[in-house]
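# Analysis of the macromolecular model
Residues per chain are reported as follows:
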Amino acid sequence: MKTYKIAVYPGDGIGLEVTTEAVKAMQAAAVTGGFELDLTEFDWGHRYWKKTGQVVPEGYLDTLRGFQAVYLGAIGDPANLPDHVTIRPLIEMRQKFDQYACVRPAKLFPGVRTPLADKRPADIDLVVIRENSEGEYIDAGGFFKDTTPDGLALQTAVHTRKGVERILRFGFDLARKRPRQRLTLVTKSNALKYSMVFWDRVFDAVKGDYPDVTVDKCHVDAMCMALVQTPERYDVLVCSNMFGDLISDLTGAISGSIGLAPSANLNPERLFPSLFEPVHGSAPDIAGKGLANPLAAIRSAAMMLDFLGESQAATRIEQAVLNAVCERRVLTPDLGGTATTAQVGDDIARRL
Ligand code: IPM
Ligand code: MG
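Since the model is a prediction, treat every value here as computed from it, not as a measurement.

The helix and strand tally for the protein chain stands at 12 helices and 12 strands. Expected size for 352 residues packed as a compact globule is a radius of gyration near 20 Å; at 20 Å, the protein chain falls within 12% of this value. Counting only C-alpha atoms and orienting by the principal axes, one finds that the protein chain spans roughly 55 × 50 × 40 Å. Considering only contacts in the protein chain between residues 6 or more positions apart, those separated by 24 or more positions represent 75%.

Right, dumping it as structure tokens:
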């Protein structure tokens, strides 16, 4: 039987709870799909730090290299450890495993209330493609005299032609396969006269290769406004790393609940394992209470199976989530229900 080796990194906070439910869903999908998942769980994050003083062991990337994918719950436990320490492995995995394409679909499901007045499911169905390997997230910068009144901090962003071109082409290839075949470059070339002007130039050079895709550009500030006012105009949005981070929280929110928003961090060439995680964070305020919505985590598991080549299993999970959301019987409080995290997970597993 076909077997996939998956590293499971539940992390911190609600990451633990939602991962348990995502594992139930992927295992159920594997049984019906006729394949096997060989899961290895790692207690990395705050729990590991308490034991060892480190968030992840030395050589953890070498350990992960032997897996076909990494499934991650959520990381961060700010009461115990600064976030920039706990989340470091996430950024490092994205960069060292060249997971340059971050894919964050945002879709309004029937029956889910969007905070936007008068918008219906057909109005919100887009995908944020976030450049995931460079930009503001490369570890280049420093402090100078930082504890004195003259203190300063430098954080340098890097945008390479290779990096920009490959994410644009990834976005175009996706836009081609979607019914509306539209792509919007999220830019800010009116103010950022090097980095974003460079993005615009690479975009202008590449777009001619995709005559079937309708394109436009939008500055990121105007994009925030447009996503609230006219989300129906957008299909695929290609963003630099930082802009994609911001825009994907917004698109998660307008789709009704960030508790539904999945994501994939892909190395499209498959030279390294790709990483799958919900868009939401570790939400320490609700951790351990059974309040977390596991559907984003479950949908991220579906994205993982799809990338591994089990597209039917992925579709079945998506359909189960859609049915559960439409029926409105077993949902967590963020979606207006009263069910616990585990009850939602059990319901999805049963459907599968
Ligand atoms: C995300 C998160 C991360 C990011 C954090 C946890 C570092 O916000 O995946 O969107 O900024 O990329
Ligand atoms: Mg974010």
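Text resumes after the structure shown.
Taken together, Ile87, Arg94, Arg104, Arg130, Tyr137 and Asp245 form the complete shell of residues around ligand 1. Within the side chain of Arg104, an N or O atom sits 2.7 Å from an oxygen atom of ligand 1. Expressed as a share of its isolated accessible area of 320 Å², the protein-covered part of ligand 1 is 76%. Taken together, the residues that form the shell around ligand 1 break down as 2 nonpolar, no polar and 4 charged.

With that settled, the discussion passes to the pattern of salt bridges. Following the criterion strictly, the structure yields 26 salt bridges and no others. Its salt-bridge partner being Lys24, residue Glu21 comes within 2.8 Å of it at the nearest N-O pair. Remark: Lys24 and Glu21 occur in helix α1 (residues 14-33); sequence separation between them is 3 residues, near one turn of the helix. Of the residues examined, Glu21 reaches a relative accessible area of 4% and is grouped as buried. By relative accessible area, Lys24 is classed as partly exposed at 27%. The shortest N-O distance in the salt bridge between Lys24 and Asp346 comes to 2.7 Å. Separated by 322 residues along the polypeptide, Lys24 in helix α1 and Asp346 in helix α12 (residues 341-351) bring together distant segments of the chain. Three or more residues are tied together by salt bridges with common partners; here these are Glu327, Arg329, Asp347, Arg350 and Arg351.

This next bit is on the environment of Phe143. As for its position among the elements, Phe143 is in strand β6 (residues 141-144). For the pair Phe143 and Gln155, spaced 12 residues apart in the sequence, the C-alpha separation amounts to 8.9 Å. Among all residues touching Phe143, those that are not within four sequence positions of it are Leu152 and Ala153.

On to the pairing of strand β3 (residues 69-74), then. For β3, the tally of buried residues reaches 6 of 6 residues, placing the bulk of the element in the interior. Across 5 bridges, strand β1 (residues 3-11) lies against β3 in parallel orientation. What sits directly across from Ile6, in β3, is Ala69.

Attention now moves to the packing of α1 against α12. Packing of α1 against α12 brings their axes to within 9 Å, and their N-to-C directions diverge by 10°. Put simply, α1 runs roughly parallel to α12. On α12, the residues touching Glu17, Glu21, Lys24, Ala25 and Ala28 of α1 are Thr341, Ala342, Gly345, Asp346, Ile348 and Ala349. Residues of the contact of α1 with α12, tallied by class, amount to 5 nonpolar, 2 polar and 4 charged.

This part covers a nonpolar patch on the surface. Side chains of Phe144, Leu152 and Leu154 sit close together on the surface and give an oily, nonpolar patch of about 300 Å² of accessible area. Residue position: Leu152 is located in strand β7 (residues 152-155). Using a relative accessible area of 40% as the deciding quantity, one classes Leu152 as partly exposed.

What follows is about the side chain of Arg299. Tracing the backbone shows Arg299 in helix α10 (residues 295-308). A distance of 2.7 Å separates polar atoms of two side chains, one belonging to Arg299 and the other to Glu318. Here Arg299 is in contact with Phe109, Leu260, Pro262, Glu318 and Val321, once residues within four sequence places are set aside.

This part covers the sheet that holds strand β2 (residues 36-41). The strand order across the open sheet built from 10 strands is β2-β1-β3-β12-β11-β4-β5-β10-β8-β9, with neighbouring strands paired in mixed fashion. Edge strands, defined here as strands with exactly one partner in the open sheet, are β2 and β9 (214-219). Direction aside, neighbouring strands of the sheet carry axes that sit 25° apart on average. Bridge analysis of strand β8 (residues 182-187) against β9 gives 6 bridges, and the strand direction is parallel.

What follows covers the pairing of strand β11 (residues 262-266). Among the 5 residues that make up β11, 5 are buried, leaving the element largely enclosed by the rest of the structure. Relative to β11, strand β4 (residues 101-107) runs antiparallel, the two being bridged by 3 bridges. Bridge pairing in β11 links Cys102 to Asn265. Where β11 lies against strand β12 (residues 274-278), 4 bridges are found, and the strand directions are antiparallel. Paired with Asn265 across the bridge in β12 is Leu275.

Take the domain arrangement of the protein chain next. Segmentation of the protein chain into domains returns domain 1 (1-99 + 261-352) and domain 2 (114-255). Taken over C-alpha atoms, the centre of domain 1 sits 24 Å from the centre of domain 2. Listed by partner, the interface residues are 11 residues for domain 1 and 11 residues for domain 2. For domain 1, the biggest contributors to the area lost against domain 2 are Arg94, Gln95 and Asp98; these three give 45% of the whole. The interface formed by domain 1 and domain 2 holds 2 salt bridges in total. Between Asp139 and Arg88 there is a salt bridge; the shortest N-O distance is 3.9 Å. On inspection of domain 1 and its partner domain 2, the count reaches 4 residue pairs in polar contact (both at pLDDT 80 or more).

Cut-offs and rules
Residues numbered from 1 in each chain as written. Chains lettered and ligands numbered in written order. Predicted model: local features only at pLDDT ≥ 70, side-chain atom pairs only at ≥ 80, totals over all residues. Heavy atoms only, no water. Helix = DSSP H or I, 4+ residues; strand = E, 2+ residues; numbered from the N terminus. Rg over C-alpha atoms; globule rule 2.2 N^0.38 Å. Contact = heavy atoms within 4.5 Å. Near = heavy atom within 4 Å. Polar contact = N/O pair within 3.5 Å; in protein donor to acceptor, adjacent residues only side chain to side chain. Areas by Shrake-Rupley, 256 points an atom, 1.4 Å probe, with all protein chains shown as cover. Nonpolar A, V, L, I, M, F, W, Y, C, P; charged D, E, K, R; others polar. Salt bridge = Lys/Arg side-chain N within 4 Å of Asp/Glu carboxyl O. Buried < 20%, exposed > 50% of the residue type's maximum accessible area, 1.4 Å probe, protein only. Pairing = 2+ DSSP bridges. Axes fitted to C-alpha atoms, helices over the stretch in contact; angles between N-to-C directions. Parallel < 35°, antiparallel > 145°, perpendicular 65-115°, else oblique. Patch = residues over 30% accessible without salt bridge, like charges linked within 9 Å, V, L, I, M, F, W, Y side chains within 5 Å. Domains from an automatic or database assignment. Buried area = accessible area lost by both parts, 1.4 Å probe.

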